[in-house]
Amino acid sequence: MGHACGADCGHDHDHDHDHDHDHDHDHGHDSHHDHGHADHVHAADGSCCGHDHSHGPKHIYVYSPSGAVRDKAAFKRGIRQLEAMGHQVEVDADALASSQRFAGDDATRLAAIHRAAASGADVALISRGGYGLTRILPGIKYKTVAKAIAKGTQFVGLSDFTAFQLAMLAQTGATTWAGPVVNADFGVNTRDGGEVDDIMLDCFADLLSGQGEGAGWQMPKVGELPNGKPQLKDFYVSGGATLWGGNLAVLVSLLGTPYFPQIEGGVLFLEDVGEHPYKIERMLNQLLLAGVLQKQKAIVLGQFTEFKLNTHDKGFKLQTVIDWLRMQLKRPVLQGLPFGHVPTKVLLPVGAQVSLSVEGRDALIYWGHTH
């Protein structure tokens, strides 16, 4: 699949979520949709956007609001990677704290969030996902964090971080970024032949430089639906649709709470890790029965990874779920977004106003300059 970051660049990547995983992934493409805004979309090799990514050193604050950092080596590699990119990295005092499965007790993790907000950093980046944010949502000082965002601190993460992002959106309307984490994305073990994903790096650079404008990708080839209808028709959603979403399991866990955004006419993106397709379908069905999916302009499915089918499935697989969803909804359901618990991932502004276009297998989410 192809990929692209910001329409200024055009790449996507993503990973880390606990149900207890840290991961990442990505896609993108040079969009030829001409709605007058695709001048900065990166090709999959990151070579085509033509923009200068030499944005200068940035202040990056690293903290741990969810699961404890078990892989200290990956954490150190991630910090070194960010420093090697020329950035000033400030590590929170309790980034490596541990209490049961958490990065410190609830009070410790809340304090870390508020220190990140007070840091004045350009980016507040989580060490990893895991589990722990939903239990401290009532204690977050949302107005304080929103003020930090307004002053220029970009909060970045994914997986369990979805809870924070959706709560911020529901409580304040502030925009955060779905994107990489320190351990799984920047802390790749290069000695074992791994490498930090180029597309993720390009998209992260776009965020730092303020040049990212969108994310493009090429959707996989799929046949007709079981009812004989086409999977997806060309369409265009003009600007003004709120982009929101994240990890499916975390998002569903917030239904019926004050931390679930009441978005109508939005573009909802979803990913997950370690969930069998029937569980993915069950969660999607909950959103369907709750009336959430019907209120959106489009549903965009990212990467669903690390599950195992078994003989009991008898042909039931992830595409079965997607086909089923498309037959339930009179809304476009896109797939293949390069975001999730995978190395190649784009960065996505949760809460931003976007447009969305599909021509054939080419898809583009466009938000323009955000800062």
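Given the structure is predicted, the values throughout are model-derived calculations rather than measurements.

### Side note on the environment of Ala-167
- With respect to the helices and strands, Ala-167 occurs in helix 4 (residues 162-172).
- Overall, the relative accessible area of 0% leaves Ala-167 in the buried class.
- A sequence separation of 94 residues divides Ala-167 from Pro-261, and the C-alpha atoms of the two residues are 7.2 Å apart.
- If sequence neighbours within four positions are ignored, Ala-167 has contacts with Leu-137, Tyr-142 and Tyr-259.

### Notes on helix 9 (residues 318-328)
- Considered for burial, the residues of helix 9 that qualify are Val-321, Ile-322, Asp-323, Trp-324, Leu-325 and Arg-326.
- Lining the buried residues of helix 9 we find helix 8 (277-289), strand 12 (298-305) and strand 13 (333-334).

### Side note on helix 4
- In terms of residue burial, helix 4 counts as a mostly covered element, since eight of its 11 residues are buried.
- Taken together, the buried positions of helix 4 are Thr-162, Ala-163, Phe-164, Gln-165, Leu-166, Ala-167, Met-168 and Leu-169.
- Gly-173, located one to two residues past helix 4, shows a positive phi value of around 80 degrees.

### Quick word on the pairing of strand 17 (residues 362-366)
- Most of strand 17 sits out of view: five of its five residues are buried.
- Residues Asp-362, Leu-364 and Tyr-366 of strand 17 are buried on one face, and the alternating residues Ala-363 and Ile-365, pointing to the opposite face, are buried as well.
- By the bridge criterion, five bridges tie strand 9 (residues 214-218) to strand 17 in an arrangement that is antiparallel. Across the sheet, Trp-217 pairs through a bridge with Ala-363, a residue of strand 17.

Cut-off values and rules
Residues numbered from 1 in each chain as written. Predicted model: local features only at pLDDT ≥ 70, side-chain atom pairs only at ≥ 80, totals over all residues. Heavy atoms only, no water. Helix = DSSP H or I, 4+ residues; strand = E, 2+ residues; numbered from the N terminus. Buried < 20%, exposed > 50% of the residue type's maximum accessible area, 1.4 Å probe, protein only. Contact = heavy atoms within 4.5 Å. Pairing = 2+ DSSP bridges.

Keep in mind these values describe shape, not function.
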